[in-house]
Protein chains: 2
Amino acid sequence: MRTEIRLSGRGGQGLILAGIVVAEACGVYEDKQVVQTQSYGPEARGGASRAEVIISDGQIRYPQAYDPDILVALSQPAFDRFAPKIKKSGLIFADSFYVHTDRKDVVLMPFSETARNEIGREVVTNVVMLGALAAVTGIVKLESLKKALRHRVRSAFLDLNLRAVDAGYKLGKEIWKKRSS
Amino acid sequence: MRTEIRLSGRGGQGLILAGIVVAEACGVYEDKQVVQTQSYGPEARGGASRAEVIISDGQIRYPQAYDPDILVALSQPAFDRFAPKIKKSGLIFADSFYVHTDRKDVVLMPFSETARNEIGREVVTNVVMLGALAAVTGIVKLESLKKALRHRVRSAFLDLNLRAVDAGYKLGKEIWKKRSS
């Protein structure tokens, strides 16, 4: 069982930290093998940002996401670039404020609006997104995400981040319930 | 031209941040392709930590360091585990306080002592190490490291980190001069 996740957006949206947190959550606090990767090149110099996480029950032989199961897009350019490459059975989550699309299979979620309105800080959009991802996909437990946040986030910002991951988890559960009903 | 770097030590020594900073320095501020990776699994649960960086002039097809050119070891267990796997032409840098070895080919450097004694904070050992790596190997420019630090490090800690990278660069130059003479 191998799951590939691509987190994409623009620089400054905290996608690398998000990748590290979910990787640590699964690889240190759950019994998984994880490889987390960022690639830099011409596209990074254009302001795009992405982080990839591969989670597996067994050894990971090829450590790059060549066919992601899950795509998160927090910006329109990231969505336009990566959404066409997701496999048919894949899941796409996009920020409903920054991404516009007619595709019905894309799950639009108010990550950034939840961060702004419920937590009061857009900077935790990445952590709201992780909470929602945990709720919808079950690839990582909320409790493992919190352990990784406690390890990775400076203490002055920890409370903010823990509230953000809880808000994201709640958001994920609600939206998934609506889509499934 | 492809260079593989493995940064290893124990959890809490800031190896992932070091990997991200050098990757961003080369991939965003210099004209390189870079893939930066961390792997989590049973060994991470044992407290070991490592980050890998692959730097290339061209496209990176295989994104894992299978045969590192450069190893940095900041702890004895990391040294014992990874040093035997470095190719003959490879370079090994180890912290002279935490690593003991009889191997004459290993470059022992007082990264942690420089951080403690010159900067007053052992927590910047990782950044001292990056400065020394830049000085000795030339794989990245000091100025690019500083740009990446300005981007990655919170402003309250930036001055500390810039002093650490300068101290490491100076240390690298001095030690390399002694070895070469």
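Up top you'll find the structure we're talking about.
What you see is a predicted model; the values in this text were computed from it and never measured.

Calculation criteria
- Per chain, the residues get numbers from 1 upward, laid out in the order the sequence is written.
- Chains carry letters and ligands carry numbers; both start at the beginning, A for chains and 1 for ligands, and go up in the order they are written.
- pLDDT decides what is reported in this predicted model: residues at 70 or higher carry local features, side-chain atom pairs at 80 or more are listed and counted, and totals for whole chains, interfaces and linings draw on all residues regardless.
- Helix and strand definitions follow DSSP, with helices as H or I runs of at least four residues and strands as E runs of at least two, each counted in order from the N terminus.
- Atoms counted for the radius of gyration: C-alpha only. Globule rule: 2.2 Å times residue count to the power 0.38.
- Every C-beta atom is placed from the backbone, and the number of other C-beta atoms within 10 Å of a residue's own sets its class: buried at 20 or more, exposed at 12 or fewer, partly exposed in between.
- We call two residues in contact whenever the C-beta atoms placed from their backbones are within 7 Å.
- Residues are grouped as follows: Ala, Val, Leu, Ile, Met, Phe, Trp, Tyr, Cys and Pro are nonpolar; Asp, Glu, Lys and Arg are charged; all remaining types, including Gly, are polar.
- Axis definition: a line fitted to C-alpha atoms, over the contacting stretch in the case of helices. Angles run 0 to 180 degrees between N-to-C directions.
- Crossings are classed by handedness, with left-handed meaning an anticlockwise turn of the near helix from the far one by less than a right angle and right-handed meaning a clockwise turn.
- Should an angle lie under 35 degrees it is considered roughly parallel, over 145 roughly antiparallel, and from 65 to 115 roughly perpendicular; all remaining angles are considered oblique.
- For two strands to be treated as a pair, DSSP must find at least two bridges joining them.
- This arc is taken over the directions from the axis of the helix to the C-beta atoms.
- To superpose the copies, least squares is applied to the C-alpha atoms of every residue with a pLDDT of at least 70 in both.
- For a crossover, the right-handed case is the one in which the path from the first strand over the helix to the second runs clockwise, viewed with the strands pointing away from the viewer.

**Student:** Sorry, what's going on with the overall build of chain A here?
**Tutor:** Each helix and strand in chain A was counted, giving seven helices and six strands. Moving toward the C terminus, one meets the helices and strands of chain A in the order β-α-β-α-β-β-α-β-β-α-α-α-α. Relative to the 2.2 N^0.38 estimate, which gives 16 Å for 181 residues, the radius of gyration of chain A is 15 Å and therefore close to what a compact globule would have. Across its three principal axes, chain A shows a C-alpha extent of roughly 40 × 40 × 35 Å. Classification of the 181 residues of chain A by burial places 47% in the buried group. Put simply, 61% of the contacts in chain A that link residues at least 6 apart link residues at least 24 apart.

**Student:** So what exactly am I meant to see when it comes to the interface of chain B and chain A here?
**Tutor:** Size of an interface: often given as the accessible area lost when the parts come together. Taken residue by residue, the interface counts 19 residues in chain B and 19 residues in chain A. Only helix H1 (15-27), strand S2 (33-40) and helix H2 (42-45) of chain B provide two or more residues apiece to the side of chain B that touches chain A. When residues in the side of chain B that touches chain A are grouped by element, the largest group, eight residues, is from S2 of chain B. Among the residues making up the side of chain B that touches chain A, the classes are represented as nine nonpolar, eight polar and two charged.

**Student:** Even after reading the chapter, I still don't get the packing of H1 of chain B against helix H5 (residues 125-137) of chain B, so can you show me in this structure?
**Tutor:** The description of two helices packed together rests on the angle between their axes and the distance between the axes. Residues and elements named next belong to chain B. Here H1 crosses H5 at 35°, and the two axes come no closer than 9 Å. Relative to H5, H1 is oriented so that their crossing is right-handed. Touching Leu 15, Leu 17, Ala 18, Val 21 and Val 22 of H1 are Asn 126, Met 129 and Leu 130, all from H5. Residues belonging to the contact of H1 with H5 are distributed by class as follows: seven nonpolar, one polar and no charged.

**Student:** Could you clarify how one ought to interpret the packing of H5 of chain B against helix H7 (residues 155-180) of chain B in this entry?
**Tutor:** Residues and elements named next belong to chain B. For the pair H5 and H7, interaxial distance at closest approach is 6 Å and the crossing angle is 40°. As judged from the angle between their axes, H5 and H7 are oblique. The hand of the H5/H7 crossing is right-handed. Each of Val 127, Val 128, Met 129, Leu 130, Gly 131, Ala 132, Leu 133, Ala 134, Ala 135 and Val 136 in H5 lies in contact with H7, whose residues at this interface are Asn 161, Ala 164, Val 165, Asp 166, Ala 167, Gly 168, Tyr 169, Leu 171, Gly 172, Lys 173 and Trp 176. Grouping the amino acids of the contact of H5 with H7 by side-chain chemistry returns 15 nonpolar, four polar and two charged.

**Student:** What should I look at first to understand the sheet that holds strand S4 (residues 70-73) of chain B in this one?
**Tutor:** One key point about sheets: their strands pair by backbone hydrogen bonds, in either a parallel or an antiparallel sense. Strand order in the open sheet formed by twelve strands is S6(A)-S5(A)-S4(A)-S1(A)-S3(A)-S2(A)-S2(B)-S3(B)-S1(B)-S4(B)-S5(B)-S6(B), and the pairing between neighbours is mixed. Since the sheet does not close on itself, it has two edges, and those belong to strand S6 (106-109) of chain A together with strand S6 (106-109) of chain B, each with one partner. Each neighbouring strand pair of the sheet contributes to a mean axis angle of 15°, computed without reference to strand direction. Sheet strands touched by H5 of chain B: S4, strand S5 (91-95) and S6 of chain B. Its angle to S4 of chain B, the strand with the most contacts, is close to 150°.

**Student:** Would you take a moment to explain helix H4 (residues 111-119) of chain B for this structure?
**Tutor:** Residue and element names in this part refer to chain B. Among all positions of H4, only Phe 111, Ser 112, Thr 114, Ala 115 and Ile 119 are buried. Angular distribution of buried residues about the axis of H4 spans 165°; they occupy a single face of the element. On the buried face of H4, the contacting elements are S5, S6, H5 and H7. Phi for Gly 120, located one or two positions after H4, is positive at around 85°.

**Student:** Where do I start with the relation of the copies chain B and chain A in this structure?
**Tutor:** Expressed as a screw operation, the relation of chain B to chain A combines 0.0 Å of axial shift with a rotation of 180°, fitting to an RMSD of 0.0 Å. Viewed as a symmetry operation, the transformation between the two copies matches a two-fold axis. Residue Thr 37 of chain B of chain B places its C-alpha closer to the rotation axis than any other residue of that unit, at 2.2 Å.

**Student:** I'm lost on the pairing of S5 of chain B in this one. Help?
**Tutor:** Along a regular strand, successive side chains alternate from one face of the sheet to the other. All names here are of chain B. Within S5, four of the five residues are buried, which leaves the element mostly enclosed by the surrounding structure. Between S4 and its parallel partner S5, the chain crosses via helix H3 (residues 76-82), and the hand of that crossover is right-handed. Where S5 lies against S6, four bridges are found, and the strand directions are parallel. Opposite Phe 93, over in S6, you have Val 107 as the bridge partner.

**Student:** Can you help me understand the environment of Gly 19 of chain B in this one?
**Tutor:** Residues and elements named next belong to chain B. Counting through the fold element by element, Gly 19 comes out in helix H1. Taking the C-alpha atoms as reference points, Gly 19 and Ile 5, separated by 14 residues in sequence, lie 8.9 Å from one another. When residues no more than four places from it in sequence are discounted, the contact partners of Gly 19 are Leu 7, Gln 36, Gln 38, Ala 51, Glu 52 and Val 53.

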